[in-house]
Amino acid sequence: MMASRARLRDSASEHLGLEAETMKDSPSSVRGILAPAPAPNWALFLDLDGTLLDIAATPSSVVMPPTLVRDLQGAARALNGALAIVSGRALGEIDRLLYPLRLAGGSEHGAVVRLPDGTQDQTGAPVPPGWVQAFIELQRAHPGVLIEVKPHNLVAHFRNAPAAETHVRRLAEELLAREPGAFELLEAKMAIEIRPSAATKARPVYRLMELAPFAGRYPVFVGDDVTDEDGFAAARAHGGLALDVATYFGGQPRDVRDWLKRVADL
């Protein structure tokens, strides 16, 4: 296994070098697209919001690009099934957005991992009901704050009420102090999430890389914010690559989607 990982790293390093050379004068590089050309030996892990989907005012108001499902299906086919969605959204919401696809991956930042055979690996107790009620009361007191309750996690979005950030943060910290170590605060874009401490985006990477068709491949994790850092670290730990959207795609999900078409064309 160590030898095969070394071969994958050498192949990827050569691949990255060639890609950087060919993109020096590419018009697309003006937009910040610096991602390597995809390779058929990859295992691809993709975040959803802010990576494949443009950020919207609320989670329910995202716009699904018309060809995204087709391109994901094509990319999964090109990689022999080694494509996973790793998102903060609940699994049912991911499936609704990507219907009819039901891809392997992780939901709720890794609280749930769907394996290639469709079974689910879950970790961590759900956020206590009393905490949910406390945030609902905060939502009533601060119009514009949006509370999102997931099976395991709880999110307070303040994109439409930025002045309420201090109140959201204070309540989250007070609740976490009641059960130290069991839950943690997760920073997101204009949102704060409480999740079980055992749930991270590293879990889907580690779990899936043990199983076919992911095992033995070169993991590549694409994400856009701090919630993806654990997934980045897990991909690197397997000798793979972390592609931050800001660095490799100029912060533009549309450029990630364009790049995904290149995966589908392998």
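Structure first, text after, so check above.
What you see is a predicted model; the values in this text were computed from it and never measured. Counting from 1, residues in each chain are numbered in the order their sequence is written. Residues qualify for local features only when their pLDDT is at least 70, as the model is predicted, and side-chain atom pairs are given and counted only at 80 or more; totals for whole chains, interfaces and linings, by contrast, use all residues. Side-chain measures were taken over the full set of non-hydrogen atoms in the model, leaving aside hydrogen atoms and water.

Undergrad: Help me understand the packing of helix 2 (residues 68-78) against helix 9 (residues 253-264) in this model?
TA: When two helices pack together, their arrangement is given by the angle between the helix axes and the distance between those axes. For the pair helix 2 and helix 9, interaxial distance at closest approach is 7 Å and the crossing angle is 40°. For the element pair helix 2 / helix 9, the angle class is oblique. Like other packed secondary-structure pairs, helix 2 and helix 9 cross with a definite hand, here left-handed. Contacts between helix 2 and helix 9 involve L68, R70, D71, L72, G74, A75 and A78 on the former and, on the latter, R257, L260, K261, V263 and A264. Only the stretch in contact is used when fitting a helix axis, every axis being a line fitted to C-alpha atoms; angles between N-to-C directions are given from 0 to 180 degrees. Where helices and strands are cited, they refer to DSSP runs of H or I of at least four residues and of E of at least two residues respectively, numbered from the N terminus. Any angle from 65 to 115 degrees is called roughly perpendicular, while one under 35 is roughly parallel, one over 145 is roughly antiparallel, and all others are oblique. Definitions for this section: a left-handed crossing has its near helix turned counterclockwise from the far helix by less than a right angle. A right-handed crossing has that turn clockwise. In what follows, a contact means two residues having at least one pair of non-hydrogen atoms within 4.5 Å.

Undergrad: Explain helix 5 (residues 165-176) to me, please; I cannot follow it from the model alone.
TA: Since one α-helical turn is 3.6 residues long, residues separated by three or four positions face the same way. For a helix, the expected span equals 1.5 Å multiplied by the number of residues minus one. Between its first and last C-alpha atoms helix 5 spans 16 Å; for 12 residues at 1.5 Å apiece the expected length is 16 Å, and the two agree. A simple rule labels every residue: compare its accessible area, found with a 1.4 Å probe on the protein chains alone, to the largest value its type can have, and call it buried under 20%, exposed over 50%, or partly exposed in between. Listed in full, the buried residues belonging to helix 5 are V168, L171, A172, L175 and L176. Angularly, the buried residues of helix 5 cover 130° about the axis, an arc narrow enough to put them on a single face. The inward-facing, buried residues of helix 5 contact helix 4 (129-141), strand 7 (154-157), strand 8 (183-188) and strand 9 (191-196). For this quantity, the arc is that covered by the directions from the helix axis to the C-beta atoms.

Undergrad: Whenever I open this one, the packing of helix 4 against helix 5 confuses me. Can you help?
TA: The interhelical angle for the contact between helix 4 and helix 5, taken along N-to-C directions, is 165°, at an axis separation of 11 Å. Viewed along their axes, helix 4 and helix 5 adopt a mutual orientation that is roughly antiparallel. Like other packed secondary-structure pairs, helix 4 and helix 5 cross with a definite hand, here right-handed. When helix 4 is examined against helix 5, the residues W131, A134, F135 and L138 are found in contact with a partner set consisting of H167, V168, L171, A172, L175 and L176. Here the term charged refers only to Asp, Glu, Lys and Arg, the term nonpolar to Ala, Val, Leu, Ile, Met, Phe, Trp, Tyr, Cys and Pro, and the term polar to all other amino acids, Gly among them. Among the residues making up the contact of helix 4 with helix 5, the classes are represented as 9 nonpolar, 1 polar and no charged.

Undergrad: I keep staring at the sheet that holds strand 6 (residues 146-149) and nothing clicks. Help me out?
TA: Strands belonging to one sheet form pairs held by backbone hydrogen bonds; the direction of such a pair is parallel or antiparallel. Read across the sheet, 4 strands follow the order 6-7-9-8 without closing on themselves; strand pairing throughout is antiparallel. Two strands lie at the open edges of the sheet, namely strand 6 and strand 8, each paired on one side alone. Along the sheet, successive strands turn relative to each other by an average axial angle of 20°, direction set aside. If DSSP finds at least two bridges between two strands, the strands pair. Note that strand 8 and strand 9 share 6 bridges and pair antiparallel. Within strand 9, the position partnered with E184 by the bridge is R195. Running at roughly 160° to strand 6, helix 4 makes contact with strand 6, strand 7, strand 8 and strand 9 of the sheet.

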